[in-house]
Amino acid sequence: MARAGLAVARLALALAPHARSIDVRVGHGNNGGDGLEAAAWLRRWGKDVRVRAVPGFDARLPTDAARALARARDAGVPIVDAADAAGAPAALVVDALLGIGANRAPDGALAGAIEAIGRDGAAGAIVLAVDAPSGLDVTRGHPLGDGAVVAQHTLSLLTLKPGLFTAAGRDHAGTVWLDTLNCDCGAEPPDALLVGAPATRRVPRRHAGHKGSFGDVVVVGGDTSMSGAALLAARAAQAAGAGRVYLDLLDPGAAEAGHDPLRPELMWRSRWWHDATPGQLAAATLVCGCGGGARITETLPRLLEAACRLVLDADALNAIASDPALQQALAARGARGCRTVLTPHPLEAARLLGRTTAEVQADRVAAATELVRRFDCVALLKGSGSVLAAPGVVPRINATGNASLASAGTGDVLAGWIGGWWAQDATAGGEALLEIVATAVATHGAAAGPRAAGAWRAADLVDRLALGAR
Ligand SMILES: NC(=O)C1=CN([C@@H]2O[C@H](COP(=O)(O)OP(=O)(O)OC[C@H]3O[C@@H](n4cnc5c(N)ncnc54)[C@H](O)[C@@H]3O)[C@@H](O)[C@H]2O)[C@@H](O)CC1
């Protein structure tokens, strides 16, 4: 706790070196103890620090935290009631109300203190949460009650927690920092791992390569009035570096157009899904479902049967969710050595699992893992902090991207982008396939830029991805 408090105080100083006045909001557990230790350090360093504690906190403090309280008092830190609003507003607020011990909806004085931090933040204070924003379920990433602290920074102690990175977690945690406090936590198996930025391509583009060396992608989708979704996926597959990209539009009217004037490199096919030989189906990487509408359903029995590498998105997932025979066909693919990547958003995942979207969002890692268990696939559950799961592998959480990607078509771009990467590394399965998808998701999110500013038009996003892929 002493080390944790020092780490919090150091980060507070680094984040807000200008801050003269600092409020430390303290609860009745060890998280409060960390806050008290930090308050003592900041006071020793000459800051105007106040502890605002929930009523009766001192009677309930665990032993270490009670010692921290004594140290804060010895350092001269004033300790006032959480509801006491006297004094100038603080420039920095340290949230040490509840940490990983939070296990139910805060109420009473604790809920009031969480609201007060919200008001401080709205008034311009920097909010630094100790270990977890108070009131957040740090495993699953959602508030336990009506509200949880919204911090600009969270200092995670010992380990990172999945709920800081997925569901609503990112909106509450802000920038996440880690201090392991010099403890070796490596012995415990992780619940999930963060996706890291790829250093290099797994498969280099050799000088002696040609277009046939970098894989074929076939995009099957684009029912009436939705051909744009399939076009975006095809353009993204090409931007990823696939050697040849084919577009099989299901809307006969749109297919007649025969080419994409902005990307004439794309090759248009009609009913390829029906006419391709088993060898062609086995050789290509299929991206199926983007804007697929009702017509996608008739393609699925053949593609599930014969396509060796299949990315299933959007309407393909909806069609499978409503048809037990297709579900069986999907689940049987793995045993034949056929690989599948599912890319559902939470509603599509809910349909596949026969649950509500809220149930999926309540535990995103569990939902992705369940998709893998049922369908023997790699599952990518999209949304803030996309979760990736594959058989026998620790799930991953992607930390790139932001709400500028919340616009129509960016999911189609992602499906094609994944297909384009996979086509170049066609033998990958298992963990290697998970890494390919992780890389694709991380780069797709990173292309959004560091902050959510406005919204990306999906076609612009493809151009940005293409630049980054070179
Ligand atoms: N080895 C460790 O576990 C370390 C723990 N540290 C600190 O200790 C914290 C965990 O401390 P605690 O386990 O004491 O838990 P907290 O301080 O997070 O919460 C205190 C207690 O409040 C109760 N509680 C949970 N939800 C509540 C609610 N809604 N309303 C009222 N009471 C509620 C729980 O019984 C919990 O034990 C960490 O987050 C971290 O800040 C650090 O000092 C580093 C080392």
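The name recorded for the chain in an unreviewed UniProt entry is ADP-dependent (S)-NAD(P)H-hydrate dehydratase, from Piscinibacter koreensis. Note on the chain: under the UniProt heading Subunit (unreviewed entry), the record states "Homotetramer."

A.B. asks: Please clarify how the UniProt feature "binding site: AMP" (unreviewed entry) in the chain should be interpreted in this entry.
C.D. replies: Mapped onto this numbering, the UniProt entry annotates "binding site: AMP" (unreviewed entry) at Lys382, Gly383, Ser384, Gly385, Ser386 and Gly411. Across 30 residues in sequence, these annotated residues keep their C-alpha atoms within 14.1 Å of one another, forming a single compact spot. Within the secondary structure, serine 386 is located in the loop between β17 (378-381) and β18 (387-389). Those residues within four positions of serine 386 in sequence are excluded, and the remaining contacts are Arg364, Leu380, Leu381, Arg396, Ile397, Asn398 and Val441. Within the secondary structure, glycine 411 is located in helix α17 (residues 410-423).

A.B. asks: Can you help me understand a nonpolar patch on the surface in this one?
C.D. replies: A cluster of nonpolar side chains, namely Leu160, Leu178 and Leu194, defines an oily patch on the protein surface of about 230 Å² accessible area. As for its position among the elements, leucine 160 is in the loop between β8 (153-157) and α6 (169-173). On the basis of relative accessibility, which here comes to 33%, the residue leucine 160 falls in the partly exposed class.

A.B. asks: Would you take a moment to explain the site of the ligand for this structure?
C.D. replies: By nearness alone, 21 residues border the ligand, and Asn31, Asp34, Gly99, Arg104 and Asp131 come closest of all. Residue alanine 105 places a main-chain N or O atom 3.4 Å away from a nitrogen atom belonging to the ligand. Note that an oxygen atom of the ligand is positioned 2.6 Å from one of the side-chain N or O atoms of aspartate 131. Bound to the protein, the ligand loses 74% of the 850 Å² it would expose on its own. The element best represented in the shell around the ligand is helix α2 (residues 30-44), accounting for three residues. Grouping the constituent residues of the shell around the ligand by class yields eleven nonpolar, seven polar and three charged.

A.B. asks: Would you explain the environment of valine 138 in this entry?
C.D. replies: Here valine 138 is to be found in the loop between β6 (136-137) and β7 (142-143). You can call valine 138 buried: its relative accessible area is 8%. Not counting residues within four places of it along the chain, the set of residues in contact with valine 138 comprises Ile100, Ala132, Lys161, Pro162, Gly163 and Leu164.

A.B. asks: Is there a simple way to explain unusual backbone geometry in this structure?
C.D. replies: Leaving glycine out, the prevailing phi sign among residues is negative, and the prevailing peptide bond configuration is trans. Residue leucine 181 is not a glycine yet carries a positive backbone phi of 55°. Inspection of the secondary structure puts leucine 181 in the loop between β9 (175-179) and β10 (193-194). Look at leucine 181 and you get buried, because its relative accessible area is 12%. Of note, aspartate 376 is a non-glycine position whose phi angle comes to about 50°, a positive value. Its location among the elements puts aspartate 376 in the loop between α16 (364-375) and β17. Overall, aspartate 376 belongs to the partly exposed group, its relative accessible area being 34%.

A.B. asks: I keep staring at the sheet that holds β9 and nothing clicks. Help me out?
C.D. replies: Consider a sheet: its strands pair through backbone hydrogen bonds, and that pairing is either parallel or antiparallel. Read across the sheet, seven strands follow the order β3-β2-β1-β4-β5-β8-β9 without closing on themselves; strand pairing throughout is parallel. The open sheet terminates on both sides in strands that have one partner only, identified here as β3 (79-81) and β9. Strand after strand, the sheet turns through a mean of 25° between neighbouring axes, direction not considered. Relative to β8, strand β5 (residues 126-130) is paired through three bridges, and the arrangement is parallel. Within the sheet, the bridge partner assigned to alanine 129 lies in β8 and is threonine 154. Seen against the sheet, helix α5 (residues 108-122) touches β1 (21-26), β4 (92-96) and β5 and runs at an angle of roughly 155° to β1.

A.B. asks: Where do I start with helix α14 (residues 346-353) in this structure?
C.D. replies: Three or four residues apart is the spacing at which side chains of an α-helix point the same way, because the helix has 3.6 residues per turn. A large share of α14 lies buried, amounting to six of its eight residues. For α14, the complete set of buried residues consists of Pro346, Glu348, Ala349, Ala350, Leu352 and Leu353. Along its buried surface, α14 packs onto α12 (314-321), β16 (339-342), α15 (357-362), α16 and β17. Phi turns positive one or two residues past the end of α14, at glycine 354, with a value near 65°.

A.B. asks: What exactly am I supposed to notice about the packing of aromatic side chains here?
C.D. replies: Geometrically, a pair of aromatic rings is defined through the distance of the ring centres and the angle of the planes. Counting across every chain of the model gives two aromatic pairs. Between tryptophan 41 and tryptophan 45, the aromatic rings sit 5.8 Å apart at their centres with planes inclined by 40°, giving tilted as the arrangement. Residue tryptophan 41 is classed as partly exposed on the basis of its relative accessible area of 27%. Relative accessible area serves as the criterion here: at 35%, tryptophan 45 is assigned to the partly exposed category.

A.B. asks: Hey, could you run me through the domain arrangement of the chain in this one?
C.D. replies: By a frequent convention, interface size equals the accessible area lost on bringing the separate parts together. Looking at the assigned domains, one finds that the chain contains domain 1 (2-188) and domain 2 (211-469). Using C-alpha coordinates to define each centre, domain 1 is positioned 41 Å away from domain 2. Counting across the interface, domain 1 meets domain 2 through one salt bridge. One salt bridge connects arginine 140 with aspartate 363, and the closest N-O pair in it is separated by 3.2 Å. Here domain 1 and domain 2 share eight residue pairs in polar contact (both at pLDDT 80 or more) between them. Across the side of domain 1 that touches domain 2, the residue classes break down as three nonpolar, two polar and two charged.

A.B. asks: Help me understand the pairing of strand β15 (residues 309-312), please; the structure alone is not making it clear to me.
C.D. replies: Here is the key point about a regular strand: its side chains alternate between the two faces of the sheet. What you see with β15 is no split at all: Arg309 and Val311 on one side and Leu310 and Leu312 on the other are buried throughout. Pairing of strand β14 (residues 285-288) with β15, which is carried by four bridges, proceeds in the parallel orientation. What sits directly across from threonine 285, in β15, is arginine 309. In the classification by handedness, the crossover that spans β14, the intervening helix α11 (residues 296-306) and the parallel β15 is right-handed. When β15 meets β16, the two strands line up parallel, connected through four bridges. Opposite valine 311, over in β16, you have valine 341 as the bridge partner.

Rules behind the numbers
Residues numbered from 1 in each chain as written. Predicted model: local features only at pLDDT ≥ 70, side-chain atom pairs only at ≥ 80, totals over all residues. Heavy atoms only, no water. UniProt positions renumbered as here; feature names shortened; annotations may be inferred. Helix = DSSP H or I, 4+ residues; strand = E, 2+ residues; numbered from the N terminus. Contact = heavy atoms within 4.5 Å. Patch = residues over 30% accessible without salt bridge, like charges linked within 9 Å, V, L, I, M, F, W, Y side chains within 5 Å. Areas by Shrake-Rupley, 256 points an atom, 1.4 Å probe, with all protein chains shown as cover. Salt bridge = Lys/Arg side-chain N within 4 Å of Asp/Glu carboxyl O. Buried < 20%, exposed > 50% of the residue type's maximum accessible area, 1.4 Å probe, protein only. Near = heavy atom within 4 Å. Polar contact = N/O pair within 3.5 Å; in protein donor to acceptor, adjacent residues only side chain to side chain. Nonpolar A, V, L, I, M, F, W, Y, C, P; charged D, E, K, R; others polar. Pairing = 2+ DSSP bridges. Axes fitted to C-alpha atoms, helices over the stretch in contact; angles between N-to-C directions. Phe/Tyr/Trp six-rings, centres within 6.5 Å; stacked < 30°, edge-to-face > 60°. Domains from an automatic or database assignment. Right-handed = clockwise from strand over helix to strand, strands pointing away.

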